[in-house]
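Summary of structural features
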Amino acid sequence: MTIRVGVIGAGNMGAHHITNLATTINGAEVSFVADADPGRAAQAAAAAGARFTTEPSELINSSEVDAVVIASDDSSHAGLILECFEAMTPVFCEKPLAPTAAECREVLEADADIVAATGNSLLSLGFMRRFDPGYAELKRVTSAREHGEPLMVHCISRSQASAPGATTESAVTNSAIHELDAVPWLLGSPITDVAWNSGRRSSRAPAGLDDPVLMMLRTADGTLTTLELFLNAEFGYSIKCEVVAEHGTASLSEPALLTTSAAAAMSTGYPGDWRGRFADAYRLQLQAWISALANGEEPPLATALDGLRAAEAAEAMIASFHNNGAYTKVARS
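Residues numbered from 1 in each chain as written. Predicted model: local features only at pLDDT ≥ 70, side-chain atom pairs only at ≥ 80, totals over all residues. Heavy atoms only, no water.

End to end, helix α1 (residues 12–23) covers 17 Å across 12 residues, agreeing with the expected 16 Å (1.5 Å per residue, within 8%). Inspection of α1 places Met13, Gly14, His16, His17, Ile18, Asn20 and Leu21 among the buried residues, and these make up the whole buried set. (Helix = DSSP H or I, 4+ residues; strand = E, 2+ residues; numbered from the N terminus. Expected span 1.5 Å × (residues − 1). Buried < 20%, exposed > 50% of the residue type's maximum accessible area, 1.4 Å probe, protein only.)

Put into structure tokens, the structure is as follows:
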């Protein structure tokens, strides 16, 4: 069975999904592309042999679309998901579920109504680190308590340059949101309170963005997590995570495809962005989604509830930022 996929959003993220679906995902084909920029939509669609439109609603309601990928601006996610629900079309939405917890709750309630009526959710959420081989192994080791009970987690997230228009708040809802999902997933324990701190700003940070920053998370099991977020680190894209347990530690190994030796030095390179670092994760996640749809199974991806929990933690972190870094409880509904 081939799943005909419509992709909404043909920017960097959408184009990446279109390429994967058209070239590396078994059982999928891209049948429709929607983007507000007609030139970008046409170019992305042509590469996949698909139709294009500037109207997402046309794509969602097309008889040529079996499932939808949402990779448009974060602000559009909730509304587009709800449109997919109205059409009873399975939907994969890129993170975040929505920029606010209120929007996430609306999506979760609508999803719960569909589950109550049909027994199945239509929504899968793109927290792709759950499918990264390194994170998956770190999750296995941590869950098995191979080194005893976890005591602390240290996370580092660095990229070459912040996205245009990035702010301190969007750095939380769009970038740190990955760790706000990954940490409770790794530990099997929800985030209960958070704190935000900053020191000297990088000269490369634009106005309105504190960068780098240090965030603190505490989960219900008492584990403390540190997160350094540095969007303008310049040297490359680097993601680190170490779980410190009672009898040892476990940490991600940053993948390197090549080691060079020259001028009395040995070196490895960094990927330029998330596409190189998490290529396997994005591919494995999409394949799991498509395979589940083809087999009539529940996709093993993050859920609407996962998206809401991450958004609630993000809102608490932003509240801490506006309250001089005070520890802030996560309000969970």
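After that view, the rundown keeps rolling.
An order of β3-β2-β1-β4-β5-β6 is seen for the six strands of this open sheet, with the pairing classed as parallel. Here the strands that pair on one side only, and so sit at the sheet edges, are β3 (51–53) and β6 (123–126). When strand polarity is set aside, the average angle formed by the axes of neighbouring strands in this sheet is 25°. Where strand β2 (residues 28–34) and β3 come together, three bridges link them in parallel fashion. By the bridge assignment for β3, valine 33 is matched with phenylalanine 52. Its contacts with the sheet put α1 on β1 (3–8), β2, β4 (67–70) and β5 (91–94), and the angle it makes with β2 is roughly 150°. Docked against the sheet, helix α4 (residues 77–86) engages β1, β4, β5 and β6, running at close to 175° with respect to β5. (Pairing = 2+ DSSP bridges. Axes fitted to C-alpha atoms, helices over the stretch in contact; angles between N-to-C directions. Contact = heavy atoms within 4.5 Å.)

Two elements, strand β7 (residues 150–158) and strand β11 (residues 238–245), share eight bridges in a ladder whose sense is antiparallel. Along β11, the bridge assignment pairs isoleucine 156 with lysine 240.

Let us now look at the packing of helix α6 (residues 133–143) against helix α7 (residues 168–187). For the pair α6 and α7, the least separation of the axes is 8 Å and the interaxial angle reads 40°. Across from Tyr135, Ala136, Leu138, Lys139, Thr142 and Ser143 in α6, the residues of α7 making contact are Glu179, Ala182, Trp185, Leu186 and Leu187. Classifying every residue of the contact of α6 with α7 gives seven nonpolar, two polar and two charged. (Nonpolar A, V, L, I, M, F, W, Y, C, P; charged D, E, K, R; others polar.)

Glancing now at the sheet that holds strand β10 (residues 224–230). Overall, mixed pairing links the seven strands, which are arranged β12-β11-β7-β10-β9-β8-β15 in an open sheet. The open sheet terminates on both sides in strands that have one partner only, identified here as β12 (249–251) and β15 (328–329). In terms of strand pairing, β11 meets β12 through three bridges, oriented antiparallel. When the bridges of β12 are listed, valine 244 appears paired with threonine 249. Of the strands in this sheet, β7, β11 and β12 touch α6, which is tilted by about 10° from β11.

Let us look at helix α10 (residues 304–322). Between its first and last C-alpha atoms α10 spans 27 Å; for 19 residues at 1.5 Å apiece the expected length is 27 Å, and the two agree. Among the residues of α10, those classed as buried are Ala304, Gly307, Leu308, Ala310, Ala311, Glu312, Ala313, Ala314, Ala316, Met317, Ile318 and Ser320. Looking at the buried side of α10, the elements it contacts are α5 (101–118), β6, α7, β8 (191–198), β9 (213–219) and β15.

Ranked by internal contacts, the top residues of the largest apolar core, which has 75 residues, are Val68, Ile81, Phe85, Leu123, Tyr135 and Met215. Looking at which element gives the most residues to this core, the answer is α7, with 10 residues. Contact partners of tyrosine 135, with chain neighbours within four places excluded, come to Arg129, Glu179, Ala182, Trp185, Leu186, Ile239, Cys241, Leu252 and Phe278. Judged by nonpolar contacts, the second largest core, of 23 residues, contains Ala28, Val30, Ala67 and Leu293. (Core = buried A, V, L, I, M, F, W, Y, C linked by side-chain atoms within 4.5 Å.)

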